[in-house]
Every structure is written in structure tokens, then in C-alpha cells.
Amino acid sequence: MAADTPVATKPRGPRRRLGSTVAGVLILCVMLFPLYWMLNTALQPESGLLQVDPVPGSLDLSGFSKALSDQGGHLLTSLVVSLGAVAICLAVAAPAAYGLARFGLRGSRTIVFGTLITQMVPGIVIANALYNSYVDLGLVNSYFGLMLADASLGIPFSIVLMRSFMVSIPGEVIEAAQVDGAGPVRTFVRVVLPMSRNSLITSGLFAFLFSWSDFMFALTLNTTDDVKPVTLGIYQYIGAHVGDWGSVMAASVLSAIPAAVLLVLAQKYIAAGITGGSVK
């Protein structure tokens, strides 16, 4: 047999494929079990936490109606704050990523590395520092203040992600736009941003999730009930109604729905946005 003759690989047998499938299903069941138990408890609002049946005998939606009545305003607050945080995050991160990717700034790698380092700082440290500044600026207990704080959670991640994508955009495309008379701003808005759609959607989605699940800033930067996201509402809800676990779990289910819907709708953009800058 010649040395360069490829050796035929034995196809994977049906037993091995079946074993992989079973293992994957078991892992998926373990990961989804907390979500199932949360929904199961929400459908049995009259049962205690240790008296919940493994399978609900009937669908009792009274827990959801009570949770929606108590937490509906907080859900709306979280939605407004999260959308505002996404807008601020993209408005800051997209131009920053473009500048780091295309303008040949000296020390750009150091800037990107420093951006990554900022995500290693504990949230409580940032929250305490922001509170002192917010008191001087009058931003405590304000929607805009919480939007700014939540946007800071997604800006470093968005800059790194979009920069890696914008680096892979062919320089000829940008040069063609400049030859046609487009300035730097118009080239960025009309050419770069449309080509970076996947990374924009991915960055926006993660910024939304960071803001939607934020608890530290909501607890630290608000001293009244004027601005209370759903995370803070559920936290105080448990303290006030610790025996009503059905309503608590129903509120948790309701708060998880927007994030789950967005992840399902944007999953193809997320895959393309994360891997788009990996190959040039």
C-alpha cells in the first residue's frame, strides 16, 4: 500500500449514534428541569414549595394573574430600561468599534485588552462608584441613570464583538464608497453598519439580556419605588409573600418570556454575528 494512500475511516455505527443522542437528551433534560419546575410550581399556586406535584393535575392560572397584577408595571419598567440601555450601548460601541478596526489608532490592541479587563471588575465596585457620582448628578432614582448603568454592562462586549466583525469587512468596499464621494460618517452609516447587521443584532441582544437580568444596579441606584425593574420587584416580592411561591414562580416565568422570545427570533443572527469575525 502506498504511503500516501488515505486510510478509510470506519463510519460511526448506529449504536454509537444512539448513545450520543441519548446522552444529549439527558443533558438537555437536566438543563431544562429548573425551568420545568418553575413552570410546574407556577401552575400550582395553592401548594407549598415542598408540596408541589411532579405533574400538575390541572392548569391553575391564578398565580399568573396575580403575578401580572403585582409585577406588570415592573415588567414594563424593565422593558423601557433595557431598550434604552440597548440604544445607548450601540450608539457608543458601534463608532468605537469602527474606529478601533479601521482608523489604525496607535495602541488599539491595548485599548481592546483594557476593554476586556473592565468586564473583570466586580459589579458591586462599579455600583458603589456610580452611586456617588449619580448623587452629584441627580441621576439616582431615574430611568436615564439606570439605562446608563445597564448600558455599561454591554458596551465592552459589544466593542470587542463588533470590532472583530468590522476588521473582516473588505477595505475595497469602504474605498469604493469614498471614491463615490461618501465621507467617513456616511460610509459608516450607509456601508459599514448594514454590513455589520449580524454583529449589531448580536450585540444589541446581549446588551438587552444584561440589562434585563440586572439586579445590582437596580438595587444600588434606586432608593424609592419610582424605578423598579422586575428583578428588584421579584426580590421584594419574595420578602413580602414568601409563602406564595406559585405567584413568585409565575412572575419568574413572565420575566423569562421576553428573553426567550428574543433568543429564538435572533438565533441565526447570533451564530453569524459571533463567528463572522473569526475568519477573514
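Since we're looking at a predicted model, the values are computed, not measured.

### Details of the overall build of the chain
Then step 1. Across its full length, the chain carries 12 helices and zero strands.
Then step 2. In the chain, the order of α-helices and β-strands from amino to carboxyl end is α-α-α-α-α-α-α-α-α-α-α-α.
Then step 3. Considering the chain as a whole, with its 280 residues, one finds that 38% of them fall into the buried category.
Then step 4. By sequence separation, contacts in the chain at least 24 residues apart represent 74% of the contacts at least 6 residues apart.
Then step 5. Element-wise, carbon and sulfur atoms account for 68% of the exposed surface of the chain, whose accessible area totals about 16200 Å².

### Describing the packing of helix 2 (residues 62–102) against helix 11 (residues 245–265)
Then step 1. Remark: helix 2 packs on helix 11, axes separated minimally by 8 Å, with the N-to-C direction vectors making an angle of 55°. Between helix 2 and helix 11, the angle falls in the class oblique. For helix 2 against helix 11, the interelement crossing comes out right-handed. Between helix 2 and helix 11, the contacting residues are Gly-63, Phe-64, Lys-66, Ala-67, Leu-68, Gln-71 and Leu-75 on the first element and Ser-247, Ala-250, Ala-251, Val-253, Leu-254 and Ser-255 on the second.
Then step 2. Grouping the constituent residues of the contact of helix 2 with helix 11 by class yields eight nonpolar, four polar and one charged.

### Side note on the environment of Gly-204
Then step 1. Here Gly-204 is to be found in helix 8 (residues 197–212).
Then step 2. Here Gly-204 falls in the buried class, since its relative accessible area comes to 10%.
Then step 3. Between the C-alpha atoms of Gly-204 and Val-86, which are 118 residues apart in sequence, the distance is 5.6 Å.

### Some words on the nonpolar core
Then step 1. Membership of the largest hydrophobic core comes to 53 residues, with the highest contact counts inside it found for Phe-64, Met-162, Met-166 and Val-192.
Then step 2. Of all the secondary-structure elements, those providing two or more residues to this core are helix 1 (14–42), helix 2, helix 4 (123–137), helix 5 (143–167), helix 7 (184–195), helix 8, helix 10 (230–240) and helix 11.
Then step 3. The element that contributes the greatest number of residues to this core is helix 2, accounting for 14 residues.
Then step 4. Here Met-162 is in contact with Leu-90, Ala-93, Ala-94, Ala-97, Ser-199, Leu-200 and Ser-203, once residues within four sequence places are set aside.

### Some thoughts on the UniProt feature "transmembrane region" (unreviewed entry) in the chain
Then step 1. The UniProt record marks residues 18–39, 75–98, 110–131, 143–162, 200–221 and 245–266 with the feature "transmembrane region" (unreviewed entry), using the residue numbering of this structure.
Then step 2. Between the end C-alpha atoms of residues 245–266 the distance is 32 Å, and the span holds 95% helix and 0% strand.

### Comments concerning the pattern of salt bridges
Then step 1. Counted according to the given criterion, the structure contains one salt bridge.
Then step 2. Salt-bridge contacts for Lys-228 lead to Asp-225; the nearest nitrogen and oxygen are separated by 3.2 Å.

### Observations regarding the packing of helix 2 against helix 8
Then step 1. The contact between helix 2 and helix 8 brings their axes to 8 Å, and the two run at 140°. Put simply, helix 2 runs oblique to helix 8. Between helix 2 and helix 8 lies a crossing of right-handed hand. From helix 2, Leu-75, Ser-78, Leu-79, Val-81, Ser-82, Leu-83, Ala-85, Val-86, Cys-89, Leu-90 and Ala-94 reach across to helix 8, where they touch Leu-200, Ser-203, Gly-204, Ala-207, Phe-208, Ser-211 and Trp-212.
Then step 2. Tallied by class, the residues present in the contact of helix 2 with helix 8 amount to 13 nonpolar, five polar and no charged.

Reading guide: rules and limits
- Residues numbered from 1 in each chain as written.
- Predicted model: local features only at pLDDT ≥ 70, side-chain atom pairs only at ≥ 80, totals over all residues.
- Heavy atoms only, no water.
- Helix = DSSP H or I, 4+ residues; strand = E, 2+ residues; numbered from the N terminus.
- Buried < 20%, exposed > 50% of the residue type's maximum accessible area, 1.4 Å probe, protein only.
- Contact = heavy atoms within 4.5 Å.
- Areas by Shrake-Rupley, 256 points an atom, 1.4 Å probe, with all protein chains shown as cover.
- Axes fitted to C-alpha atoms, helices over the stretch in contact; angles between N-to-C directions.
- Parallel < 35°, antiparallel > 145°, perpendicular 65-115°, else oblique.
- Left-handed = near helix turned anticlockwise from the far one by under 90°.
- Nonpolar A, V, L, I, M, F, W, Y, C, P; charged D, E, K, R; others polar.
- Core = buried A, V, L, I, M, F, W, Y, C linked by side-chain atoms within 4.5 Å.
- UniProt positions renumbered as here; feature names shortened; annotations may be inferred.
- Salt bridge = Lys/Arg side-chain N within 4 Å of Asp/Glu carboxyl O.

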